[in-house]
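# Inside the fold
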Amino acid sequence: MASDGLVDLTHPITCTITDWKLTGGHVEYEIECKRAFDETPWKVIRRYREFDALHKQLQSFGAPLRLPPKRLFGSTKERFVKERLAELQRYLQSLTVSPLLYASPHVVAFLGTERESERGSPFLVSRLIKFQTCATRS
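In this text the structure is predicted, and so the values were computed from the model without any measurement. (Residues numbered from 1 in each chain as written. Predicted model: local features only at pLDDT ≥ 70, side-chain atom pairs only at ≥ 80, totals over all residues. Heavy atoms only, no water.)

Moving on, we get to the sheet that holds strand β3 (residues 26-35). Overall, antiparallel pairing links the 3 strands, which are arranged β2-β3-β4 in an open sheet. The sheet is open, and its two edges are formed by β2 (13-23) and β4 (42-47), each paired on a single side. Strand-to-strand, the axes of this sheet are offset by a mean angle of 25°, without reference to chain direction. (Pairing = 2+ DSSP bridges. Helix = DSSP H or I, 4+ residues; strand = E, 2+ residues; numbered from the N terminus. Axes fitted to C-alpha atoms, helices over the stretch in contact; angles between N-to-C directions.)

Okay, here's the thing in C-alpha cells:
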C-alpha cells in the first residue's frame, strides 16, 4: 500500500515460501513475493503465529480460507515443518488470488507490500484504486 492509502490492484502478487529455519524454539518461514510485470521480488520472514493473526483478521471477509491448525508439541520437527510449509503455501495462494484479499490492509502489512510499494516500482503508477474494507462500512 502506498503512503497515500492506494493499493495497486492491477498487478497481482505471487508468493512462494522459499525456505524455513528453526530460530529460538520456533520456525520462521521465508516468503518471496513478486508483483506481476515487476522483476524485483522482495522477501519477508513470518512465523506461524503471524499467519494465525492474519487469518483471524481476515475472517470477517467471509473468504473460504483454510489455515493449518495450531500444534502445541512437535511443531519444530522437520517432517511436520515441511507438511505445514506446504499447507501455508496453499494458504498464501488463496490470499493472492483475490484482489479483495491481497489489497486488504492486513495482507498488505503481512506481505510487506507497504515497503515494496515505497521503493518506487514504475508499475505502481498504473490504475490505483483506493481500498476500503467491508468491515468499515456500515
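Here the idea is simple: oppositely charged side chains can pair when their charged atoms come close. Inspection of the entire model under this criterion finds 6 salt bridges. Note that Glu30 and Lys43 form a salt bridge whose closest N and O atoms lie 3.4 Å from each other. Taken together, the residues Glu30 in strand β3 and Lys43 in strand β4 connect sequence positions 13 residues apart. Across the salt bridge formed by Lys43 and Glu32, the nearest N and O atoms sit 3.9 Å from each other. With Lys43 in strand β4 and Glu32 in strand β3, this pair connects stretches of sequence that are 11 residues apart. Taking relative accessible area as the criterion, Glu32 reaches 29% and is therefore assigned partly exposed. One salt-bridge network, in which partners are shared between bridges, spans Glu30, Glu32 and Lys43. (Salt bridge = Lys/Arg side-chain N within 4 Å of Asp/Glu carboxyl O. Buried < 20%, exposed > 50% of the residue type's maximum accessible area, 1.4 Å probe, protein only.)

Strand residues, when the strand is regular, have side chains that alternate between the two faces of the sheet. Because side chains alternate across β4, one face comprises the buried residues Trp42, Val44 and Arg46, and the other comprises Lys43, Ile45 and Arg47, none of which is buried. Sheet topology note: the β3/β4 ladder contains 6 bridges and is antiparallel. Bridge assignment links Tyr29 to a residue of β4, and that residue is Arg46. Linking two consecutive strands that pair antiparallel, namely β3 and β4, is a turn of 6 residues; a positive phi of about 70° is found at Phe37 within it.

Turning to helix α1 (residues 48-58), its buried residues are Tyr48, Phe51, Asp52, Leu54, His55 and Leu58. Taken around the axis of α1, the buried residues stretch over an arc of 165°, which confines them to a single face. Of the exposed residues in α1, the ones pointing more than 90 degrees away from its buried face are Arg49 and Lys56. Buried-residue contacts for α1 involve β3, β4, α2 (78-95), α3 (99-102) and α4 (105-111). (Arc of directions from axis to C-beta. Contact = heavy atoms within 4.5 Å.)

Before going further, it helps to spend a moment on α2. Along its 18 residues, α2 runs 25 Å from first to last C-alpha, staying within 8% of the 26 Å computed at 1.5 Å per residue. All buried positions along α2 are accounted for by Phe80, Val81, Arg84, Leu85, Leu88, Gln89, Tyr91, Leu92 and Leu95. Buried-residue contacts for α2 involve β2, β3, α1, α3 and α4. (Expected span 1.5 Å × (residues − 1).)

Okay, the side chain of Asp52 next. With respect to the helices, strands and loops of the structure, Asp52 is situated in helix α1. When sequence neighbours within four positions are dropped, the list of residues in contact with Asp52 reads Leu67 and Lys70.

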